[in-house]
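# Remarks on the overall topology
Listed here are the chains, written in short residue letters.
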Amino acid sequence: NTLRRETGSEGADIFREGAMREITLQEVLDAREARVSRQKRLLAAYGRPLLSFTMNMAGPVKRSALADFAFREGLAALRGQLGAALLHEEITDAPAGLEAVLACTLSAPALKELAMGLETAQPVGRLYDLDVIGTDEGKLSRETGRTCLVCGGPVGPCARSRAHGLPAIQAATSALLEGFAADRLAELAVSALLDEVELTPKPGLVDRRNTGAHRDMDLPLFRRSAQSLRPYFRQAAALGLEQAACMAPLQQAGLAAEGAMLAATGGVNTHKGAVYAFGLVLAALGSVLARGGELFQTAAALAAAGLPPGTDTHGGQAGRRYGVLGARGEAMAGFPAARMAWRVLAEQGDDALLALLTLLAEVADTNLLHRGGPEGLGFVQERARAILDGPAEARRAGLEELDNVCIARNLSGGCADLLALALLLRRTEGIWHS
């Protein structure tokens, strides 16, 4: 088993108040000395090559939320690639920068090849400083030199001649970090939608078991729909990174995304609710990364600043008729249902079926109201609560039975979008959760 020992925090509190302050040269030197000391201790303890991971940030400010996000994602990628070869890791959280030292069973040359691969796999890798330390305490040198952040040429001549000022280097660094954040958030959003549709069984909904109470939808359709939304998800995050008051362009982007979705599905509305909710949350995530703030307050403010979603949806009509929260009401309240499902995921070992059951039991689902009225909604809520109150080992069978009944009664709801949003919140909680 992989053993991990952390010095300092490595979650949402990894970015603390004061992290963006200018640090002194002495703090940089102290951090370097402490890093060397850790490396010597781990070499003595494990007798295996080490991989040291830091961020290469020019200037006196070494920390930002964007830099920390890139670090966490890079570290996650390293863990995934190393797998069982990762013996031990130590993480240091300090104003001089986040650091990770990993002891691995790989040989030093193999570890260096892996590190170089991460540095060159995407543009943000230019900001990753991955040193491999052999068992003789020597660093393995790079086979190829780094390129200049500003002009793309060899970095050595530019550094020696001071060809580019610090502001230009910092601007190039910011562009890399923002581009990476937008790309990665879009990727996480698409994966959340795909994981939701693959989750099985889901009462009345499309999954691997059947198409639920739908005659015009199936798994391939949902997969195409999710992928069609990737550019929009990136744009939403980028808009939030660019400016706090971005609701007007976000709504225009959302309308275009709905068109792309309908083109991909042949006119079938697969993810209209997700276009609205995900757009708000992704823009809010971008804003939080760029300028701080509380995620759900930011998303709620964006929702309040925008025009209400179209009134022609079945869910919207049912919400008005029965006086319950619709999509905009959920957003303006700070997404309480999605947050409830996120808490289940966070506290119950990422049990997505349990999170879905919780949503089915507690949410006044406007789509269920449209299809079955208060009686249909009450039936699903009652059955979901009964499954929750029963033994955990019987939940899957209970969901399958409820699925069969929902299909027979033509009942299907919108909790799938809320579950997908909860999955996205779970995957981005390092940004917003403290």
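Located above this text is the structure these notes cover.
Structural notes, computed from the coordinates. No experiment lies behind these values; they were computed from the predicted model shown. (Residues numbered from 1 in each chain as written. Predicted model: local features only at pLDDT ≥ 70, side-chain atom pairs only at ≥ 80, totals over all residues. Heavy atoms only, no water.)

## With respect to the overall build of the protein chain
A count of helical and extended segments in the protein chain gives 18 helices and 4 strands. In terms of overall size, the protein chain behaves like a compact globule, its C-alpha atoms giving a radius of gyration of 24 Å where 434 residues would be expected to give roughly 22 Å. In terms of overall dimensions, the protein chain has a C-alpha envelope of 70 × 45 × 35 Å along the principal axes. Here the protein chain holds 434 residues, and the buried ones make up 49% of them. Sequence separation of at least 24 residues holds for 71% of the intrachain contacts in the protein chain that already meet a minimum separation of 6. Of the roughly 19,100 Å² of accessible surface on the protein chain, a fraction of 52% belongs to carbon and sulfur atoms. Of the charged side chains in the protein chain, 45 are positive and 49 negative; the average position of the first set lies 3 Å away from that of the second. (Helix = DSSP H or I, 4+ residues; strand = E, 2+ residues; numbered from the N terminus. Rg over C-alpha atoms; globule rule 2.2 N^0.38 Å. Buried < 20%, exposed > 50% of the residue type's maximum accessible area, 1.4 Å probe, protein only. Contact = heavy atoms within 4.5 Å. Areas by Shrake-Rupley, 256 points an atom, 1.4 Å probe, with all protein chains shown as cover. Lys, Arg positive; Asp, Glu negative; His and termini not counted. Charge placed at Lys NZ, Arg CZ, Asp CG, Glu CD.)

## Observations concerning the environment of arginine 184
Within the secondary structure, arginine 184 is located in helix 5 (residues 166–198). When the C-alpha positions of arginine 184 and arginine 234 are compared, they lie 8.2 Å apart, and in sequence the two are 50 residues distant. Setting aside its immediate chain neighbours within four residues, arginine 184 contacts Phe69 and Glu73. Engagement of the side chain of arginine 184 in a polar contact is seen with the side chain of glutamate 187, the distance being 3.1 Å. (Polar contact = N/O pair within 3.5 Å; in protein donor to acceptor, adjacent residues only side chain to side chain.)

## Things to note about the environment of leucine 368
Relative to the helices and strands, leucine 368 resides in helix 15 (residues 366–389). Considered as a pair, leucine 368 and asparagine 410 are 42 residues apart in the sequence and their alpha carbons are 9.5 Å apart.

## Remarks on empty space enclosed by the protein
Under the criterion given, the structure shown has 1 cavity of 30 Å³ or more. One number sums up the size of the largest cavity: a volume of about 50 Å³. In this structure, the largest cavity is lined by Pro203, Leu205, Leu360, Asp365, Leu368, Val380, Cys406, Leu411, Ser412, Gly413, Gly414 and Cys415. (1 Å grid on protein atoms, 1.4 Å probe; cavity = no way out; pocket = protein on both sides within 12 Å on 5 of 7 lines; lining within 4 Å. Points joined across faces, edges and corners; volume = space filled by probe spheres on them.)

## What about the packing of aromatic side chains?
What characterises a pair of aromatic rings is the spacing of the ring centres plus the angle enclosed by the ring planes. This structure, assessed with the given rule, holds 7 aromatic pairs. Ring centres 5.9 Å apart and planes at 50 degrees place the aromatic pair phenylalanine 69 and phenylalanine 180 in the tilted group. With phenylalanine 69 in helix 2 (residues 65–82) and phenylalanine 180 in helix 5, this pair connects stretches of sequence that are 111 residues apart. Here phenylalanine 69 and phenylalanine 180 have matching classes, each one buried. (Phe/Tyr/Trp six-rings, centres within 6.5 Å; stacked < 30°, edge-to-face > 60°.)

## What to know about helix 16 (residues 395–409)
For helix 16, built from 15 residues, the straight-helix expectation of 21 Å at 1.5 Å per residue is met to within 8% by its first-to-last C-alpha distance of 21 Å. Just beyond helix 16, the residue with positive phi is asparagine 410, at close to 60 degrees. (Expected span 1.5 Å × (residues − 1).)

## Quick look at the packing of helix 5 against helix 9 (residues 272–291)
Running from N to C, helix 5 and helix 9 cross one another at 145 degrees; their axes reach a closest spacing of 11 Å. Between helix 5 and helix 9 lies a crossing of right-handed hand. In contact with Ala181, Leu185, Ala189, Ala192 and Leu193 of helix 5, helix 9 contributes Ala274, Phe278, Leu282, Leu285, Gly286 and Leu289. Grouping the constituent residues of the contact of helix 5 with helix 9 by class yields 10 nonpolar, 1 polar and no charged. (Axes fitted to C-alpha atoms, helices over the stretch in contact; angles between N-to-C directions. Left-handed = near helix turned anticlockwise from the far one by under 90°. Nonpolar A, V, L, I, M, F, W, Y, C, P; charged D, E, K, R; others polar.)

## Details of the pattern of salt bridges
Inspection of the entire model under this criterion finds 18 salt bridges. Close ionic contact of glutamate 73 with arginine 184 constitutes a salt bridge, the shortest N to O distance being 2.7 Å. With a gap of 111 residues between them, glutamate 73 in helix 2 and arginine 184 in helix 5 connect regions that are remote in the sequence. Arginine 184 sits in the partly exposed class, given a relative accessible area of 21%. Between glutamate 119 and arginine 146 there is a salt bridge, and its shortest N-O distance comes to 3.1 Å. Here the residue glutamate 119 occupies a position in helix 3 (residues 108–121), and arginine 146 occupies one in the loop between strand 4 (128–133) and helix 4 (155–161), the gap between them amounting to 27 residues. (Salt bridge = Lys/Arg side-chain N within 4 Å of Asp/Glu carboxyl O.)

## A closer look at the nonpolar core
Generally speaking, nonpolar side chains in soluble globular proteins are found buried as a group. Within the largest apolar cluster, 115 residues are counted, with the highest numbers of intra-cluster contacts made by Phe233, Phe278 and Phe335. In this structure, phenylalanine 233 is in contact with Ala186, Ala189, Val190, Leu193, Phe278 and Leu282, ignoring residues within four places of it in sequence. Grouped together as the second largest cluster of nonpolar side chains are 7 residues, Val197, Val206, Leu221 and Phe222 included. (Core = buried A, V, L, I, M, F, W, Y, C linked by side-chain atoms within 4.5 Å.)

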